[in-house]
Amino acid sequence: MVKAAAVIVSFFLASGFRTAPAGGPRRLPSGGGASGQVSSAHVTLPSYLEMVRAFARNPTPDSIARFVARGEQWRIQSLRELLAAIAHRDVEALAALPAAILIHIEAFLDNAGGAQATDGNVGAALQLLDAAGRSVPADFRRRCQLLILWAFQAALDVETLVPQLQAAIDRFGPDADLLVAQGTLFELLASRSGAEVQTLRVPPVDVVRELTTRSVNLSEAVRMGTPAEALLQVERPGIYRLAARLYRRALALSRSPEAKLRLGKVSIEAGEHRAALQVLEELVTAREGSTRQRYLAQLFVGRACLVLGDADGALRAYRTAEEWYPGCQTPLVASSEALWMSGEVEGARAVMMQVLSDGARTSCPEDPWLSYHQGQSWRIRPTLRELEREVAR
């Protein structure tokens, strides 16, 4: 499965999260709790617990900002004292632990306090997750870990995502959410162009090899020393087939619309267009999932139809997608291509003129296709709200 690998991505897709630094591998700080001797006196822990409880009662951006404003040294000392209290099974510390984990995660996600504070907060959250054990329900800890994974994929931070994904699988086992997270990582790696591959610090072939040593032998292209360009240009369908296997395993564990959507997408990329249509049409006709998922499913149905020579079917799918997200450019551009391929040159030109209009450029600021390779970052906010309600009880 997954072992630690060092891959640095020097491209960025605007997401609200910070990417790994361009100068070298990103190493998450320990947050201060893993080193140094813990003071026997609680110097900062009372004020820390007071702020954590205030956040639990009212999880607002202001409560997070006040928490971060206390500074790095206060956070480091508070974390040391909290870890010591947890080790001694202090009732007050254990009761505040879920909210403490969550406030550090939210400070990380909000990029509050700048780069150093952001790294410090995610490091603190990971330390507390390690220390929590059975003191915090496993599903709460699992969802916190997923938040961190989704954030790293949203930032396209493959280097940090790989070891964190391994840690999550080791801790919780390969459940449906983690299988989908692994599949989205493979999709991201396989989507890179040759030019982008040359900017990677270590070829993604190493990541794929590490991710598959215990389960799948892709091909001879996954051996040590194989150029990354060869893997991406020759063996890209193999990576997509591996992702498809992960999504099928996820579907065997859970009726996940996201896994079904992505199974359809990777089946197209692997050249299995009829199989893709079957999966995607099930998703659309059963009206499973969200509007976002059905929108993307229609885009993928259109693409499969076009490859199979069904331009009319492609146009129907693209027009349906446009109805769900009016003004988005993706279905319009795809419709223009379908019209052109079916010989309707004037119709294709008219659609492209619509794409170039001011209205089409500004009326759909959040086209789901533009964030597809950011994985399940769309789940971050709803999951945060769930966890906030739980710590408030």
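Owing to the predicted nature of the structure, the values given are computational and were not obtained by experimental measurement.

### A short note on the overall build of the protein chain
Turning to step 1, where the next piece is worked out: What the protein chain contains, in helices and strands, is 20 helices and 0 strands.
Turning to step 2, where the next piece is worked out: Burial statistics for the protein chain: of 393 residues in total, 55% are counted as buried.
Turning to step 3, where the next piece is worked out: Per element, the accessible surface of the protein chain, about 17,100 Å² overall, is 52% carbon and sulfur.

### With respect to the nonpolar core
Side chains of a nonpolar character, in soluble globular proteins, are inclined to be buried together.
Turning to step 1, where the next piece is worked out: Of all hydrophobic cores here, the largest spans 62 residues; its most connected members are Tyr 48, Val 52, Phe 67, Leu 82, Ile 101, Ile 105 and Leu 128.
Turning to step 2, where the next piece is worked out: Among residues more than four places away in sequence, those in contact with Leu 82 are Leu 45, Tyr 48, Leu 49, Ala 93, Ala 100 and Leu 128.

### So, the packing of helix H15 (residues 291-307) against helix H17 (residues 329-341)
Turning to step 1, where the next piece is worked out: Interaxial distance between H15 and H17 falls to 11 Å at its minimum, and their mutual angle equals 15°. If you check the angle between H15 and H17, you find them roughly parallel. Between H15 and H17 lies a crossing of left-handed hand. Where H15 abuts H17, its residues Tyr 295, Leu 299 and Leu 306 lie against Thr 330, Pro 331, Glu 337, Ala 338 and Met 341.
Turning to step 2, where the next piece is worked out: A per-class count over the contact of H15 with H17 returns 6 nonpolar, 1 polar and 1 charged.

### Some details on the confidence of the model for the protein chain
Turning to step 1, where the next piece is worked out: In this model, the protein chain carries a mean pLDDT of 79, and residues with pLDDT of at least 70 account for 74%.
Turning to step 2, where the next piece is worked out: Residue range residues 33-40 is modelled with pLDDT below 50. Its contacts to residues more than four positions away, or to other chains, number 10 contacts.
Turning to step 3, where the next piece is worked out: Across residues 194-234, confidence stays below pLDDT 50; counting only partners more than four residues off in sequence or on other chains, it has 78 contacts.

### What about the packing of helix H3 (residues 72-87) against helix H4 (residues 91-109)?
Turning to step 1, where the next piece is worked out: At a closest axis distance of 11 Å, the pairing of H3 and H4 adopts a crossing angle of 145°. The interaxial crossing formed by H3 with H4 has left-handed handedness. The segment H3 lies against H4, with Arg 75, Leu 82, Ala 85 and Ile 86 engaging Ala 93, Leu 94, Leu 97, Ala 100 and His 104.
Turning to step 2, where the next piece is worked out: Looking at the contact of H3 with H4 residue by residue, the classes come out as 7 nonpolar, 1 polar and 1 charged.

### With respect to a nonpolar patch on the surface
Turning to step 1, where the next piece is worked out: A contiguous nonpolar patch, built from Trp 340, Met 341 and Val 345 and spanning about 340 Å² of accessible area, is present on the exposed surface.
Turning to step 2, where the next piece is worked out: On the secondary structure map, Val 345 appears in helix H18 (residues 345-356).
Turning to step 3, where the next piece is worked out: For Val 345, a relative accessible area of 38% corresponds to the partly exposed category.

### Section: H4
Turning to step 1, where the next piece is worked out: If you check H4, its first and last C-alpha atoms are 28 Å apart, about what 19 residues at 1.5 Å a residue would give, namely 27 Å.
Turning to step 2, where the next piece is worked out: At Leu 97, H4 shows its largest kink, close to 50°, and the proline Pro 98 lies no more than four residues downstream.
Turning to step 3, where the next piece is worked out: With 16 of 19 residues buried, H4 lies mostly within the body of the structure.
Turning to step 4, where the next piece is worked out: Capping the start of H4 is the job of one residue whose side-chain oxygen sits 3.1 Å from the backbone nitrogen of Glu 92: Asp 90.
Turning to step 5, where the next piece is worked out: A positive phi of about 55° marks Asn 111, the residue just after H4.

### Remarks on unusual backbone geometry
Turning to step 1, where the next piece is worked out: Non-glycine residue Arg 89 carries a positive phi angle of around 60°.
Turning to step 2, where the next piece is worked out: Its location among the elements puts Arg 89 in the loop between H3 and H4.
Turning to step 3, where the next piece is worked out: A positive phi angle, near 55°, is found at Leu 156, a position not held by glycine.
Turning to step 4, where the next piece is worked out: By secondary structure assignment, the location of Leu 156 is in the loop between helix H6 (138-154) and helix H7 (158-172).
Turning to step 5, where the next piece is worked out: According to the relative accessible area criterion, Leu 156 is buried, its value standing at 6%.

### Some words on the pattern of salt bridges
Turning to step 1, where the next piece is worked out: Applying the stated criterion across every chain, the model contains 20 salt bridges.
Turning to step 2, where the next piece is worked out: The closest approach of N and O atoms between Arg 142 and Asp 139, which form a salt bridge, is 3.0 Å. On the criterion of helical spacing, the pair formed by Arg 142 and Asp 139 is a turn pair, its members being 3 residues apart in helix H6.
Turning to step 3, where the next piece is worked out: For Arg 142, a relative accessible area of 16% corresponds to the buried category.
Turning to step 4, where the next piece is worked out: Glu 282 is paired through a salt bridge with Lys 260; the nearest N and O atoms lie 3.8 Å apart. Of the two residues, Glu 282 sits in helix H14 (residues 273-285) while Lys 260 sits in helix H13 (residues 257-269), which places them 22 residues apart along the sequence.
Turning to step 5, where the next piece is worked out: Using a relative accessible area of 37% as the deciding quantity, one classes Glu 282 as partly exposed.
Turning to step 6, where the next piece is worked out: On the basis of relative accessible area, Lys 260 is assigned to the buried category, the value being 12%.
Turning to step 7, where the next piece is worked out: Beyond isolated ion pairs, a larger network of salt bridges with shared partners links Asp 139, Arg 142, Arg 143, Asp 175, Asp 177, Arg 379, Glu 386 and Glu 390.

Cut-offs used in this document
Residues numbered from 1 in each chain as written. Predicted model: local features only at pLDDT ≥ 70, side-chain atom pairs only at ≥ 80, totals over all residues. Heavy atoms only, no water. Helix = DSSP H or I, 4+ residues; strand = E, 2+ residues; numbered from the N terminus. Buried < 20%, exposed > 50% of the residue type's maximum accessible area, 1.4 Å probe, protein only. Areas by Shrake-Rupley, 256 points an atom, 1.4 Å probe, with all protein chains shown as cover. Core = buried A, V, L, I, M, F, W, Y, C linked by side-chain atoms within 4.5 Å. Contact = heavy atoms within 4.5 Å. Axes fitted to C-alpha atoms, helices over the stretch in contact; angles between N-to-C directions. Parallel < 35°, antiparallel > 145°, perpendicular 65-115°, else oblique. Left-handed = near helix turned anticlockwise from the far one by under 90°. Nonpolar A, V, L, I, M, F, W, Y, C, P; charged D, E, K, R; others polar. pLDDT = per-residue confidence, 0-100. Patch = residues over 30% accessible without salt bridge, like charges linked within 9 Å, V, L, I, M, F, W, Y side chains within 5 Å. Salt bridge = Lys/Arg side-chain N within 4 Å of Asp/Glu carboxyl O. Expected span 1.5 Å × (residues − 1). Bend = angle between axes of the 7 residues up to and from the residue. Polar contact = N/O pair within 3.5 Å; in protein donor to acceptor, adjacent residues only side chain to side chain.

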